[in-house]
Amino acid sequence: MKKLQQLLRNIDGKGYKAYKSIQGHYSFHRYEVCVDYVQGDPFASPSKIRVVIPNAYRKIKEEWKQTKQRKTYTEDRIARSVGRAIHNESRQSKGSGKSGMIHIDMPGQEILERTAVQLTKDKTVICLSIGLPANGRRINGREAEKLFFTIIPNIMKQSIFAITDDDIEKSVQLADQHLEIRQQMKDNDWIAFVADNSILPRASGISNRPLKKAVPFESPSDNRVEINIPHREQPLTGMAVKKGINLIVGGGYHGKSTLLEALERGVYHHIHGDGREYVLTDPNAVKIRAEDGRQVSSVNISAFINDLPHGQDTKSFSTENASGSTSQATNVVESIEAGASTLLIDEDTSATNFMIRDARMQELVHQDKEPITPFIDKIKQLRDDLDVSSILVMGGSGDYFEVADDVIMMDQYRPFNVTEKAREIVKKHPITRQAELENMQAKMNDRTFLPNSLDLRKGKKKKAQAKGLTNILIGRSTIELHDVEQLIDASQTRAIAEMLRYLDDQGLLRQQKTLAELLDDLEKTIDKYGVQVFAPFPKQHPGDLARPRRFEMAACLNRMRTAKVKS
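Just so you know, these numbers come straight off a predicted model, no measurement behind them. (Residues numbered from 1 in each chain as written. Predicted model: local features only at pLDDT ≥ 70, side-chain atom pairs only at ≥ 80, totals over all residues. Heavy atoms only, no water.)

Peer 1: I'd love a proper account of helix H13 (residues 550-558), names of residues and values included.
Peer 2: Of all nine residues making up H13, nine are buried, and the element is well covered by its neighbours. Residues of H13 that are buried: Arg550, Phe551, Glu552, Met553, Ala554, Ala555, Cys556, Leu557 and Asn558. (Buried < 20%, exposed > 50% of the residue type's maximum accessible area, 1.4 Å probe, protein only. Helix = DSSP H or I, 4+ residues; strand = E, 2+ residues; numbered from the N terminus.)

Peer 1: Could you give an account of unusual backbone geometry, naming the residues involved and the relevant values?
Peer 2: Residues other than glycine seldom take positive phi values, yet asparagine 197 does so here, at roughly 75 degrees. Within the secondary structure layout, asparagine 197 lies in the loop between strand E10 (190-195) and strand E11 (202-204). At lysine 213, a residue that is not glycine, the phi angle is positive and equals roughly 60 degrees. You can see lysine 213 is positioned in the loop between strand E12 (207-210) and strand E13 (224-227).

Peer 1: Provide a residue-level description of the layout of surface pockets, including the pertinent values.
Peer 2: Of the voids in this model, the largest pocket is the one considered here, and its volume is about 1,200 Å³. Surrounding the largest pocket, 34 residues form its lining, Gln69, Arg182, Val267, His269 and Pro283 being those nearest its centre. Of all the secondary-structure elements, those providing two or more residues to the lining of the largest pocket are helix H2 (68-89), helix H4 (165-188), E10, helix H12 (515-529) and H13. With five residues, the single largest contributor to the lining of the largest pocket is H4. Split into classes, the residues belonging to the lining of the largest pocket amount to 13 nonpolar, eight polar and 13 charged. Approximately 920 Å³ is the volume found for the second largest pocket. Breaking the lining of the second largest pocket down by element, the ones donating at least two residues are strand E2 (31-37), strand E28 (464-467) and helix H11 (490-506). Counting residues per element, the lining of the second largest pocket draws most heavily on H11, which supplies four residues. Across the lining of the second largest pocket, the residue classes tally to 10 nonpolar, seven polar and six charged. (1 Å grid on protein atoms, 1.4 Å probe; cavity = no way out; pocket = protein on both sides within 12 Å on 5 of 7 lines; lining within 4 Å. Points joined across faces, edges and corners; volume = space filled by probe spheres on them. Nonpolar A, V, L, I, M, F, W, Y, C, P; charged D, E, K, R; others polar.)

Peer 1: Give me the lowdown on empty space enclosed by the protein, citing residues and values where you can.
Peer 2: Over the atoms rolls a probe the size of a water molecule, and its path tells where empty space is left. Overall, the coordinates contain five cavities of 30 Å³ or more when judged by the stated rule. The computed volume of the largest cavity comes to approximately 220 Å³. Surrounding the largest cavity, 20 residues form its lining, Val286, Lys287, Ser335, Ala555 and Arg559 being those nearest its centre. When residues of the lining of the largest cavity are traced back to their parent elements, those giving at least two are strand E18 (285-288), helix H6 (324-338) and H13. Tallying contributions element by element places H13 first for the lining of the largest cavity, with five residues. Of the voids in this model, the second largest cavity is the one considered here, and its volume is about 80 Å³. Met239, Val241, Asn246, Ile248 and Ile408 are the residues nearest the centre of the second largest cavity, which is lined by 13 residues in total. When contributions to the lining of the second largest cavity are tallied by element, the ones reaching two or more residues are strand E14 (236-242), strand E15 (245-250), helix H5 (256-265) and strand E23 (406-411). For the lining of the second largest cavity, the element with the most residues is E14, which contributes four residues.

Peer 1: So what about the nonpolar core? Which residues, and what values?
Peer 2: The tendency in soluble globular proteins is for nonpolar side chains to be buried as a group. In this structure, Phe304, Phe375, Leu392, Tyr400 and Ile472 are the most contacted members of the largest nonpolar core, which totals 83 residues. The greatest single-element share of this core, amounting to seven residues, is contributed by H11. Sequence-distant contacts of isoleucine 472, defined by excluding residues within four places in its chain, comprise Gln465, Ala466, Ser477, Thr478, Ile479, Leu481, Thr493, Ile496, Ala497, Leu500 and Cys556. Membership of the second largest hydrophobic core comes to 47 residues, among which are Leu4, Leu8, Ala79 and Ile163. (Core = buried A, V, L, I, M, F, W, Y, C linked by side-chain atoms within 4.5 Å. Contact = heavy atoms within 4.5 Å.)

Peer 1: Could you give an account of the state of the cysteines, naming the residues involved and the relevant values?
Peer 2: With the rule as written, the count across this model stands at zero disulfides. Of the cysteine sulfurs around cysteine 34, a residue in no disulfide, the closest is that of cysteine 127, at 9.6 Å. The exposure class assigned to cysteine 34 is buried, which follows from its relative accessible area of 1%. (Disulfide = S-S within 2.5 Å.)

Shown next, in the form of structure tokens:
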């Protein structure tokens, strides 16, 4: 402490680069501060520090780290407490640029594996970004002293040293409950579970918090199940969605898309009080939509699209500007290639000609004149041949009644099972669809990204940098992820950018593995070493990273405009 204090007094008023002299480790009361990286300018990216708390000063029980899930939930709970303490102490230090800024990678409503807080065998490591104070471009040593000796100690006092064992225990118990629900889903072939009294609507289009005074979810009797989960006296009841083809229907503004959006986010676990903490979906579920203008590289979309004008090959289809139908067909095939077992589709974000072509149109425009085989004619084969289930929001086409295993109607935000009624309608109004059966497995992708796919060069340097949630700059090109809807946190995007750098540095594409094998290897690496393994300096401050799913990793690789692919 005294050494750091003296250093700050010695460099007070000097040029900003003199801050470089404070890099190192400093012992404070009950914790250690590691200054890993010092920004070169008050307006540049902030400095990186770690606060290391030995177990002797804040005991982390072994049972809280007993499973990977428990450990992640404990780290998440600590990160939230630090984030709230930072909010209470924000901007207490003054100066130019980012002076006095303190930041932790604060979790949202979902619980993700992050680098913000790391629990090791004998200590807790909290990773912070700070703006070292300056007046203009000269060091403000007095404010820096205040930052290190007053503000940061207050933050630690209000967070890691204030959080109770009961607070952490509640998070650990939630981890156990989520694990048990997932096991029950697996045992019973459910692809989703929505607990009774869940709050599905969100506060607004820009807020992911629960809507106040929303109608609580109430499961339809035909789909209601009861499960026993740990740390809860009463059984948990709710709607189980079984494997197969499931339709969500109903009038406009009755909650169809709200239910699907909750299921879309249900691949991630949610915190207590979110309203969706007991809404869980198959972790390998992928949201599918049309994505006009996206890059496509050698994808076999021939199950859905054939005989394009000018003889374009759909068994190895490539384009820099996909249409609605070709992009949605691509998204289906790429998701299955990456390992998807459930597809989530909303007609509002789909290409109409990809989803349906009714009997009258089939009669007028003969099959040999139409290159698109609509999704409705392949959905049963996806289920039967590939064991891929579907959950679809459908408000405009009753043709899907004929292929559905279960039909849920939303009415005034309440779900009702109308499967039998839908089947009666099919009998009353029969239609004849001309669907051609074929080997779906043979129509799926099995691609390898070639080593020259990754071009990170920009002048003499290499660049792979996330820009917010939906863009990654690599070399001289940009990967656009605006329509990858299950990418939910900018820290996941940062992690994907670092993975691209890792793939390039390690030369992993030279191993000529298929995309699925490459994703398997990346996931095994994260499981073994944590997501921080991809950071430039993993043993220091690893940056603000959160674990992405394999499907969002694949989405990034598939949208690279520099991709070179071998089928």
